[in-house]
Amino acid sequence: VMKLNPRQAPLYGDSVITVQLTEEDKVEDDVVFYLVFTGSTVQHCTSTRKINPGSLETISPGHDCCETVKVALCASREGHPVLVVAEESFQFVQDEAYDAAQFLATCAGNQQALNFTRFLDRSRPPAADVDFLDEKVALAFRHLKLPAEWNVLGADQSLTENIPRETLMHFAVRLGLLRLTWFLLQQPGGRGALSIHNNEGATPVSLALERGYQKLHQLLTEEGAREPDSWSTLSHTVHSGDYSVKHHRGLDVYLLTAEA
């Protein structure tokens, strides 16, 4: 039996998994190990990289539903058949970041919910927590299957620009969430949200200035602003039919996902 650490990952994936090999699996250098995750409707195959003779590292794939899947550790060597070396179970779970992204996506136009997010801001989490939150919620948002008509400003597009109101963009900027702000900017209504005033007359742009978030202010105002560094900038995904291949440049790991 191999040891996986951790033995679960959030639905949106993109977390590091370590695989401890048993004594008898520590073999010659020309053996290539990979993991196969078999879910009820989707299968993933990930390459690994060796950290030391006894352990490997890979990236957890994003999955389509919360469930326990079977993970097989496979070994391949030129001129030999592929061997399944060990099997283990692994769980995909909906974590707080996923819940938060779902909540934010559904309350895009809901003033009561957005005012609640303002209330949260009074407790200003420390910078390291903000960075962690930003990374996870932005990853989770990318993984959500947002409806085609989804809009940063909510479903009711009849609201004219001039009505003062809170927007998701105000929320992201107020907390200093760089990656989430970038993600929202790419969505329908994202750019439009920048000029909307809330009840105090603040726009997301003026909030960024007022709070001294220089990077964020640049992101909102500069023409050629680039995506902030994150796991998603480190990975590149190509889709083809029922397959997708993702390359994580940070660890140089590949993930292949196929509908079973």
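Rules used in this analysis
- Residues numbered from 1 in each chain as written.
- Predicted model: local features only at pLDDT ≥ 70, side-chain atom pairs only at ≥ 80, totals over all residues.
- Heavy atoms only, no water.
- Pairing = 2+ DSSP bridges.
- Helix = DSSP H or I, 4+ residues; strand = E, 2+ residues; numbered from the N terminus.
- Axes fitted to C-alpha atoms, helices over the stretch in contact; angles between N-to-C directions.
- Domains from an automatic or database assignment.
- Contact = heavy atoms within 4.5 Å.
- Buried area = accessible area lost by both parts, 1.4 Å probe.
- Polar contact = N/O pair within 3.5 Å; in protein donor to acceptor, adjacent residues only side chain to side chain.
- Nonpolar A, V, L, I, M, F, W, Y, C, P; charged D, E, K, R; others polar.
- Core = buried A, V, L, I, M, F, W, Y, C linked by side-chain atoms within 4.5 Å.
- Buried < 20%, exposed > 50% of the residue type's maximum accessible area, 1.4 Å probe, protein only.
- Salt bridge = Lys/Arg side-chain N within 4 Å of Asp/Glu carboxyl O.

**Considerations on the sheet that holds strand 3 (residues 16-20)**
Sheet strands pair via backbone hydrogen bonds, and the direction of the pair is either parallel or antiparallel. An order of 1-3-7-6 is seen for the 4 strands of this open sheet, with the pairing classed as antiparallel. In the strand order of this sheet, the two ends are held by strand 1 (3-5) and strand 6 (49-52), each with one partner. Looking at each pair of strands side by side, their axes are set apart by 30 degrees on average, direction ignored. The pairing of strand 6 with strand 7 (residues 55-59) spans 3 bridges and is classified as antiparallel. Bridge pairing in strand 7 links arginine 49 to glutamate 57.

**Some points on the domain arrangement of the protein**
As assigned here, the protein comprises domain 1 (3-94 + 235-259) and domain 2 (96-221). Once you take the C-alpha centre of each, domain 1 and domain 2 turn out to be 34 Å apart. Facing 6 residues of domain 1, the contacting portion of domain 2 comprises 9 residues. Interface of domain 1 and domain 2: buried area, both sides summed, is about 720 Å²; carbon and sulfur atoms make up 61% of it. For the interface between domain 1 and domain 2, the tally reads 4 residue pairs in polar contact (both at pLDDT 80 or more). Among the residues forming the side of domain 1 that touches domain 2, the class breakdown is 2 nonpolar, 3 polar and 1 charged.

**A closer look at the nonpolar core**
Residues Leu73, Phe90, Phe141, Leu180 and Leu184 are the most contacted members of the largest nonpolar core, which totals 59 residues. Each of two domains, domain 1 (3-94 + 235-259) and domain 2 (96-221), supplies a minimum of three residues to this core. In contact with leucine 184, not counting residues within four places along its chain, are Trp150, Val152, Leu168, Met169, Ala172 and Gly190.

**Some words on the pattern of salt bridges**
Pairing between side chains of opposite charge can happen when their charged atoms approach one another. According to the stated counting rule, one finds 10 salt bridges in the structure shown. In this structure, arginine 7 and glutamate 88 form a salt bridge, with 3.1 Å as the shortest nitrogen-oxygen distance. Of this pair, arginine 7 sits in the loop between strand 1 and strand 2 (8-10) while glutamate 88 sits in strand 9 (residues 83-93), and the two are 81 residues apart along the sequence. Judged by its relative accessible area of 43%, arginine 7 falls in the partly exposed class. The shortest N-O distance in the salt bridge between glutamate 166 and arginine 174 comes to 3.3 Å. Members of the salt-bridge network, linked through shared partners, are Asp131, Asp134, Glu135 and Arg179.

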